Amino acid sequence: MVNPANLDEVVGWVGEATEEQVVSATAAAEAAGPDWQAHTPAARGRLLCEAADRIEADAHGLALLHTREHGKLLGESRRNVSTAVRVLRYFAGAGDLIRWEWDESTAGVTTRYIRQPVGVTAVIVPWNSPLTLGFLMLAPALMAGNPVVVKPSTFAPLALARALEILAGTLPSGIVNLVTGSGARVGMALARAARIRRIAFTGSTETGRELMRIAAARITNLSLELGGNDPAIVLEDMPITDELCSELAAGVFTATGQICLNVKRIYVHRSRYPDLVDGLVAQAAALVVGSGLEPDVTMGPLNNRGQWERVDALIRDAAQRGATVHRPGRLSDWATGHRGHFMLPAVVSEIEAEAPLVLEEQFGPAIPIIPFDTWDQVRVWANGTEYGLCSSIWTPDVDRAFRLAREIEAGTTFVNVHRPGASDVDQAFGGVKQSGMGRGHGIWALEEATELHTVIHRPAT
Ligand code: NAD
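As the structure is a prediction and not an experimental result, all values here were calculated from the model.

Novice: Could you clarify how one ought to interpret the overall build of the protein in this entry?
Specialist: The secondary structure content of the protein amounts to 16 helices and 20 strands. Rg of the C-alpha trace for the protein: 23 Å, near the compact-globule value of 23 Å for 461 residues, within the 12% margin. Taking the principal axes of the C-alpha coordinates as reference, the protein spans close to 80 × 60 × 40 Å. Buried positions account for 57% of the 461 residues belonging to the protein. As displayed, the protein offers around 18700 Å² of accessible surface, 52% of which is attributable to carbon and sulfur atoms. Distance between charge centres in the protein, computed from 41 positive and 52 negative side chains, equals 4 Å.

Following this line, the structure appears as structure tokens:
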């Protein structure tokens, strides 16, 4: 693992698990499962709370390690650690949010519904926000009584592994297991392992498709949080103010654009187009790109070379198609003197609506802005990709926003906000179309981590 802000610094090493090690991790989880299931939800919650306290006590070290392995700003890493802790506490206290066992009677029959854990759960984590996303998948699984085997991404495994070590050390042995290594070998071996009853996955749509194929063999339960290409739609009645541009810029550039629900394309009514392009360029001009450990830096590097090349190729392609590419912002002193995956922000105007930078998920600090004339036109464009994760509508008229939201294919639509953190742990989250299957967060995540067992009882006569 090298530091994306300093390619000469090795941050750590991770091993490649063998298939036998993957299988033995699932065996340890299966063996530990019945005892964990026998704990009451309150008892499980107490242990999860204890783990949250211990992880919080290591917050500074975890955030530092995460910034060095990932490239994020230290403040972003701190927020990721505190979100992981908050998610763990939220689910630890969620035992009362859901009914675990209840009776219903009809026509002389009593039905007892028993909510039971699905079983050993594979938690497969992407590189972009491993602490937040890893805990959003594993905390409800654990609270619902499932043992887990976690596989982080090879691009940012270290801070998650350290947090999991603390968690595993707090819970009974075998409940939290970790396997590291590539997706193609270790991830696949885990998904295919016979003892896995559910796969909780966050990552790309392409890998999601592969996991569906693997899950088909045993009809393994599957929860998929996949890629997104979120549109932000600015209607003609929305004044273009500094405040609006600053919110939109936060939605685009936070975490260097590497968040599933970052704003990935902006459609603005033609009457507001020049002002919005100028406003976004002005916001991007204030960005300082460099190491996440430098106090004055406001945007870190991209996480890895492949991601840098992908975003760069999309920007070059847009330029070749005749788009205007603005490259405001500046490199920090550190970035000019060190090798890293640094990239200045790109605000791309005069771009055709069908350009790859518009239709594909760029996952980086490049934003295409497209003018629209009518509601019908923008609705067709907004819905015109395979994705359907989030979207946002910007207007002072909230009723109009609700009307348009019904016509947008997305799991979440924000109004006058659209950035990481805008969807909290208790609000349902997930994609439609090829952005995913199922809903995470809140009680929905607990429901996905459980099966309802229906026991029908007819009294003896
Ligand atoms: P990825 O699909 O390449 O990898 C995700 C994880 O899957 C990694 O741990 C990887 O090693 C593993 N993996 C890869 N191939 C595998 C296979 N064949 N079998 C089993 N495991 C395999 O995704 P990424 O590049 O790490 O993450 C970025 C993507 O994740 C983006 O598309 C982003 O939008 C998406 N994402 C979605 C959400 C959401 O909530 N919807 C959140 C964050 C990221």
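The structure having been displayed, the exposition proceeds.
Novice: Mind showing me how you'd approach the site of the ligand here?
Specialist: Not every one of the 28 residues close to the ligand is listed here, only the nearest: Val 125, Ser 204, Thr 207, Leu 226 and Glu 361. Trp 127 has a polar side-chain atom sitting 3.0 Å from an oxygen atom of the ligand. Between the ligand and Gly 183, the relevant distance is 3.3 Å, taken from an oxygen atom to a main-chain nitrogen or oxygen of the residue. For the ligand, the accessible surface in isolation is 850 Å², of which the surrounding protein chains cover 88%. If you map the ligand onto the pockets, it falls in the largest pocket.

Novice: Explain the sheet that holds strand S11 (residues 263–269) here, please?
Specialist: The pairing of strands in a sheet happens through backbone hydrogen bonds and is either parallel or antiparallel. In spatial order, the strands read S13-S15-S16-S11-S10-S17-S18; together these seven strands make up an open sheet with mixed pairing. In this open sheet, the two strands that pair with only one neighbour each are strand S13 (324–326) and strand S18 (412–415). If you compare each strand with its neighbour and ignore which way they point, the axes differ by 20 degrees on average. For S13 and strand S15 (residues 346–349), the ladder comprises three bridges, and the chain directions are antiparallel. Paired with Val 325 across the strands is Val 348, a residue of S15. The sheet strands contacting helix H9 (residues 242–253) are strand S10 (230–234), S11, S15, strand S16 (366–372) and strand S17 (390–394), and the helix crosses S11 at an angle near 150 degrees.

Novice: What am I meant to see in the side chain of Glu 294 here?
Specialist: Within the secondary structure, Glu 294 is located in the loop between strand S12 (288–289) and helix H11 (305–320). Buried charged residue Glu 294 carries no salt bridge. Nearest counter-charge: Arg 330, at 7.8 Å. Excluding anything up to four places from it in sequence, Glu 294 contacts Ser 332, Asp 333 and Trp 334.

Novice: Is there a simple way to think about the layout of surface pockets in this case?
Specialist: To find the voids left in a structure, one rolls a probe of water-molecule size over its atoms. The space that makes up the largest pocket amounts to roughly 960 Å³. Forming the boundary of the largest pocket are 39 residues, of which Pro 126, Trp 127, Gly 203, Ser 204 and Thr 207 lie nearest the centre. Mapped onto the lining of the largest pocket, the elements with two or more residues apiece are helix H7 (183–192), strand S8 (198–202), helix H8 (205–218) and H11. For the lining of the largest pocket, the leading source of residues is H8, giving seven residues.

Novice: Please clarify how a nonpolar patch on the surface should be interpreted in this entry.
Specialist: A surface patch of nonpolar side chains, about 350 Å² in accessible area, is lined by Val 2, Val 10 and Trp 13. As for its position among the elements, Val 10 is in strand S2 (residues 6–10). A relative accessible area of 43% means that Val 10 is categorised as partly exposed.

Novice: What is the right way to look at the nonpolar core in this model?
Specialist: Core analysis: the biggest nonpolar cluster contains 52 residues, and Leu 88, Phe 91, Phe 135, Leu 142, Leu 167 and Leu 171 have the highest contact counts within it. Listing elements by their share of this core, those giving two or more residues are helix H1 (19–38), helix H2 (41–57), helix H3 (59–70), helix H4 (74–92), helix H5 (130–143), strand S6 (148–151), helix H6 (158–170) and helix H16 (442–448). At ten residues, the largest contribution of residues to this core is made by H5. If we skip the residues at most four places from it in the chain, Leu 171 touches Trp 36, Leu 47, Leu 48, Leu 142 and Val 176. Core analysis: the second largest hydrophobic core is formed by 30 residues, Ile 351, Val 378, Ile 393 and Ile 408 among them.

Novice: Just checking my understanding: could you explain empty space enclosed by the protein for this structure?
Specialist: One pass over the full model with this rule turns up one cavity of 30 Å³ or more. The computed volume of the largest cavity comes to approximately 40 Å³. What lines the largest cavity is Asn 229, Asp 230, Pro 231, Arg 265, Ala 382, Asn 383, Tyr 387, Gly 388, Leu 389, Cys 390, Ile 408 and Glu 409. Classifying every residue of the lining of the largest cavity gives six nonpolar, three polar and three charged.

Novice: So what exactly am I meant to see when it comes to the sheet that holds strand S4 (residues 109–117) here?
Specialist: An order of S3-S4-S20 is seen for the three strands of this open sheet, with the pairing classed as antiparallel. Two strands bound the open sheet, and with one partner strand each, they are strand S3 (101–106) and strand S20 (450–457). Neighbour-to-neighbour, the strand axes of the sheet open up by a mean angle of 25 degrees, direction not taken into account. Examined bridge by bridge, S3 and S4 share six bridges and lie antiparallel to one another.

The rules we used
One numbering rule holds for all chains: residues counted from 1, following each sequence as written. Whole-chain, interface and lining totals are the exception, using all residues; otherwise, since this is a predicted model, local features are given only for residues with pLDDT of at least 70 and side-chain atom pairs are given and counted only at 80 or more. The side-chain numbers reported here are obtained from all heavy atoms of the structure, hydrogens and water having been left aside. The numbering of helices and of strands both runs from the N terminus, where a helix is a DSSP run of H or I of at least 4 residues and a strand a run of E of at least 2. The reference for a compact globule is 2.2 Å times residues^0.38; the radius of gyration itself is calculated from the C-alpha atoms. Partly exposed describes any residue whose relative accessible area lies between the buried limit of under 20% and the exposed limit of over 50%, with all areas from a 1.4 Å probe on protein chains only and scaled to the type maximum. Where accessible areas are quoted, they stem from the Shrake-Rupley method and a 1.4 Å probe; at the residue level, only the protein chains shown are allowed to cover. In this tally Asp and Glu are treated as negative and Lys and Arg as positive; neither His nor the chain ends contributes. Charge coordinates come from a single atom per side chain, which is NZ of Lys, CZ of Arg, CG of Asp or CD of Glu. Any residue with a non-hydrogen atom lying within 4 Å of a molecule or strand is treated as near it. Two N or O atoms form a polar contact when they lie within 3.5 Å of each other; inside protein one atom must be a possible hydrogen donor and the other a possible acceptor, and for residues adjacent in sequence the pair counts only when both atoms belong to side chains. With a 1 Å grid laid over protein atoms only, a set of points is called a cavity when a 1.4 Å probe fits there but cannot get out and a pocket when it is open yet has protein on both sides within 12 Å along at least five of seven lines; lining residues have an atom within 4 Å of a point. Grid points define the cavity or pocket, and a molecule sits in it when more than half of its atoms lie within 2 Å of them. Each pair of strands is called paired provided DSSP finds at least two bridges between the two strands. Here an axis means a line fitted to C-alpha atoms, over the contact stretch when the element is a helix, while the angle between two N-to-C directions is reported on a 0 to 180 degree scale. Only heavy atoms matter for contacts: two residues are in contact if any of them lie within 4.5 Å across the pair. When a carboxyl oxygen of Asp or Glu is within 4 Å of a side-chain nitrogen of Lys or Arg, the pair counts as a salt bridge. Grid points are joined across faces, edges and corners, and a volume is the space filled by probe spheres set on the points. Two distance rules govern patches: like charges are joined within 9 Å, and nonpolar side chains (Val, Leu, Ile, Met, Phe, Trp, Tyr) within 5 Å, applied only to residues with over 30% relative accessible area and no salt bridge. We call a set of buried residues a nonpolar core when its members are Ala, Val, Leu, Ile, Met, Phe, Trp, Tyr or Cys and they connect through side-chain atoms within 4.5 Å of each other. Residue polarity follows a fixed list, in which Ala, Val, Leu, Ile, Met, Phe, Trp, Tyr, Cys and Pro are nonpolar, Asp, Glu, Lys and Arg are charged, and the others, Gly among them, are polar.

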